[in-house]
Every structure is written in C-alpha cells, then in structure tokens.
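Topology and contacts: notes
Here is how the chains run, residue by residue.
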Amino acid sequence: MNTPLIDSTGIPDKKYFRIGEVSTMVGVDSHVLRYWETEFKGIKPRRGKSKQRLYRQQDVRLLLMIRQLLHGQGYTIAGAKKVLTRNKTAAPGSQSRAGGYPAISGEQLSLIKQELEKIQDLLRARKKTVKT
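As the structure is a prediction and not an experimental result, all values here were calculated from the model.

Notes on the nonpolar core
The biggest cluster of nonpolar side chains holds 23 residues, and the ones touching the most others in it are Val22 and Trp36. Breaking this core down by element, the ones donating at least two residues are helix H1 (19–26), helix H2 (30–39), helix H3 (57–72) and helix H4 (77–88). With residues near it in sequence (within four places) discarded, tryptophan 36 still touches Val26, Val28, Ile43, Leu63, Ile66, Arg67, Leu70 and His71.

As structure tokens, this is what we get:
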C-alpha cells in the first residue's frame, strides 16, 4: 500500500473503524498500524467484544499525520514523535500542522510572497546604488 485514499478532512462520518478500513484509508498495511500503536502513545484503539481493534476518527487523523511525517516528509520515528509532541504543546486553539508551524491559507502565502518580493526588489535597488 502506498498512498492514503483520504486526507484528514475526508474521514467518513463513523464512530469506529476496523483495522482493515483504517489500513486502506491511511495507505499502510495493518501490521504497520499495529507497530505504530506501540511507538506512538496517542494511538489507542478500543477493543470490541470480539477483541478487534476499533479506531476513532481522532486515531485516524493522527495516523494520517504520522504517515505524512514518516513517508511524506522523511522523518524517523523519533523525529515524528518530537514533531507530534511539539504540536501538542502548541498554544490551544492554534491550528498547527506537521512541522509545528501554524496552518496558513494559500491567500496568506500569496501575500507573504508578494511582500518578500518587494523587499527583495528594494534590496536589489539599494545594492545597485551602493555599487555606483
């Protein structure tokens, strides 16, 4: 399994998911999910009467984030743990994304880029006047 079928906003509106469903959604084999349970404290699936793992939506979101950190951004397990810990200690109410920085919109990024380009132009102009 390579790519997740969903992102954290596309999780179906269900209370519990079986390990096979989560495996498909996250894009990793079920044995990987069981391993991640041992490595990451935040993943705590409940057990049904049949002792089968039942994951909640918050578990699936965390697993998607872990997958992105490990497979998408190339973190080690130790590095991913640090990122997740840093995100937990971020200010409450601030939407943090992997990496520990607050989430910003594409529009905000565009404005930042424009401002940086203006600054760059000013620096280039000043450099030209200093040389002459």
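What about the packing of H3 against H4?
At a minimum axis separation of 10 Å, H3 and H4 run at an interaxial angle of 130°. Classed by the angle they form, the pair H3 and H4 counts as oblique. For H3 against H4, the interelement crossing comes out right-handed. In this structure, H3 uses Leu62, Met65, Ile66, Leu69 and Leu70 to contact H4, whose residues at the interface are Ile77, Ala80, Val83, Leu84 and Asn87. Classifying every residue of the contact of H3 with H4 gives nine nonpolar, one polar and no charged.

The rules we used
All chains use their own residue numbering, which begins from 1 and follows the written sequence. Only residues with pLDDT of 70 or above have their local features reported here, since the model is predicted, and side-chain atom pairs are shown and tallied only from 80 upward, although totals for entire chains, interfaces and linings are computed over all residues. Excluding hydrogens and water, the side-chain values take into account all heavy atoms of the structure. Remark: nonpolar core denotes a set of buried residues (Ala, Val, Leu, Ile, Met, Phe, Trp, Tyr, Cys) joined through side-chain atoms within 4.5 Å. Here the term buried applies to any residue with accessible area under 20% of the maximum for its type, exposed to any over 50%, and partly exposed to those in between, with areas from a 1.4 Å probe on protein chains only. Starting at the N terminus, helices and strands are each numbered in turn, a helix being any DSSP run of H or I of at least four residues and a strand any DSSP run of E of at least two. Contact criterion: two residues are considered in contact whenever any of their non-hydrogen atoms come within 4.5 Å of each other. To obtain each axis, a line is fitted to C-alpha atoms, and for helices this fit is confined to the stretch in contact; angles are then taken between N-to-C directions over 0 to 180 degrees. Working definition: roughly parallel below 35 degrees, roughly antiparallel above 145 degrees, roughly perpendicular at 65 to 115 degrees, and oblique for all remaining angles. Crossing handedness is defined as follows: a turn of the near helix away from the far one that is anticlockwise and smaller than a right angle gives a left-handed crossing, while the clockwise case is right-handed. Amino acids are sorted into nonpolar (Ala, Val, Leu, Ile, Met, Phe, Trp, Tyr, Cys and Pro), charged (Asp, Glu, Lys and Arg) and polar (every other residue, Gly among them).

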